[in-house]
Amino acid sequence: YMKSTLKLLTVLLLGIFSFQAQASHVIGGDIQYEYLGNNRYYIKLVIYRQQPGAGLGATTNVNVTSATCGVNTSIQLTRTAQYLAQGAWDCITPNATIFVPEVNVYETTTSNPLTLTSRCSDYKMSWNLCCRPGGITNIGTGGASSAGYGFYFEAELNNRLGIGDNTSPSFNADPIAYYCAGTFINYSQNASEPDGDSLRYEIIDPREGVNGTVVPYNTTTGAIPFSKFAPFSTDPANPYTLNPQTGNISFLPTVGGEVS
């Protein structure tokens with residue numbers, strides 16, 4: 001089997017917050033692709049954003065690059081759906097006073113799929129936009145400074161493997177969750193791989209900009225410095241833990257806040 005690595009941008013909301021109505025306030029997303037035959041790929045981009053805030057456009061572009069093949073292009077996607085997220089709400093009942101993220105789905109059209117004629121080991125399909133919401137506690141210096149950082153996410157493709165063209169893994173449900181401090185959590189990522197390839201889950205740093213520059217964690221707040229392995233405050237006996245084979249995340253949060 002091939003191995004697909006799913007780099008997850010799960011949005012964890014610990015507590016209840018107030019928000020600012022500025023910028024697009026992107027909070028996460030993912031890119032998926034499906035091989036259609038004849039070097040053509042269907043592309044799906046899902047963007048999660050905070051309400052209120054500046055809305056996203058009816059179309060957007062996904063960048064497509066390969067350093068080894070010298071590819072640097074983009075393809076336009078059209079929004080086909082917009083709805084409120086159906087996430088895991090744990091101990092909270094969603095209502096008018098609780099933030100529910102907006103989901104925007106963009107897709108390539110039947111007449112305009114992505115065509116990749118070159119065989120390359122390092123294709124990247126990426127999307128980026130500024131800015132994140134203010135008030136995120138674990139990046140920058142915490143608080144309002146988070147609004148100065150953008151969002152970047154990508155999907156990787158190696159079509160030189162010689163055993164058929166690949167389709168990406170995908171989430172089976174919106175990866176959005178509210179959790180309450182003081183409650184032990186087991187959260188399943190709930191992803192699947194249509195080709196039957198093995199899946200491996202990986203924790204990565206948040207990124208921004210065209211080139212995916214790493215966004216710095218806030219290292220001065222909390223009992224321990226925040227990092228990708230400790231993105232929020234947890235009970236030392238039950239730290240933030242990801243199972244790379246199953247994608248299950250377990251932890252016991254101790255402090256409320258909005259994290260990235």
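Draft legend 1. Geometry of the packing of aromatic side chains. Here the structure, examined in full by the defined rule, presents seven aromatic pairs. Between Trp 127 and Phe 153 the ring centres are 5.4 Å apart and the planes differ by 35°, which places this aromatic pair in the tilted class. Taken as a pair, Trp 127 in strand E9 (residues 123-129) and Phe 153 in strand E10 (residues 151-157) lie far apart in primary sequence, 26 residues in all. Of the residues examined, Trp 127 reaches a relative accessible area of 4% and is grouped as buried. Given a relative accessible area of 3%, Phe 153 falls into the buried group. Between Phe 151 and Phe 153 the ring centres are 6.3 Å apart and the planes differ by 70°, which places this aromatic pair in the edge-to-face class. Overall, the relative accessible area of 4% leaves Phe 151 in the buried class. Pairwise contacts between aromatic rings join Tyr 33, Tyr 35 and Tyr 41 into one cluster. The residue whose ring lies beneath Arg 132 is Phe 151, and the NZ or CZ to ring-centre distance is 3.9 Å.

Draft legend 2. Focus on the pattern of salt bridges. Tallied over the full model, the rule gives two salt bridges. A salt bridge links Arg 207 to Glu 154; the nearest nitrogen and oxygen atoms lie 3.8 Å apart. Taken as a pair, Arg 207 in strand E16 (residues 207-208) and Glu 154 in strand E10 lie far apart in primary sequence, 53 residues in all. Just as Arg 207 is buried, Glu 154 falls in that class too.

Draft legend 3. Representation of the environment of Tyr 187. Along the chain, the position of Tyr 187 falls in strand E13 (residues 185-187). In the structure, Tyr 187 is positioned 12 residues away from Pro 175 in sequence and 9.8 Å away in space, judged by C-alpha atoms.

Reading the values: the criteria
Once a new chain begins, its residue numbering starts again from 1 and follows that chain's sequence as written. Side-chain atom pairs in this predicted model are given and counted only at pLDDT of 80 or more, local residue features only at pLDDT of at least 70, and totals for whole chains, interfaces and linings cover all residues. Values shown for side chains rest on all heavy atoms present in the structure; no hydrogens or waters enter the calculation. Classification of ring pairs uses Phe, Tyr and Trp, with its six-membered ring standing for Trp, and accepts pairs whose centres are within 6.5 Å; under 30 degrees between planes counts as stacked, over 60 as edge-to-face, and the remaining range as tilted. Strands here mean DSSP runs of E at least two residues long; helices mean DSSP runs of H or I at least four residues long; both are numbered from the N terminus. Think of it in three bands: with a 1.4 Å probe and only protein chains considered, a residue is buried below 20% of the maximum accessible area for its type, exposed above 50%, and partly exposed in between. Sitting over a ring, as applied to charges here, requires NZ of Lys or CZ of Arg to be within 6 Å of the ring centre and within 35 degrees of the ring normal. For this analysis, a salt bridge means a side-chain nitrogen from Lys or Arg found within 4 Å of a carboxyl oxygen belonging to Asp or Glu.

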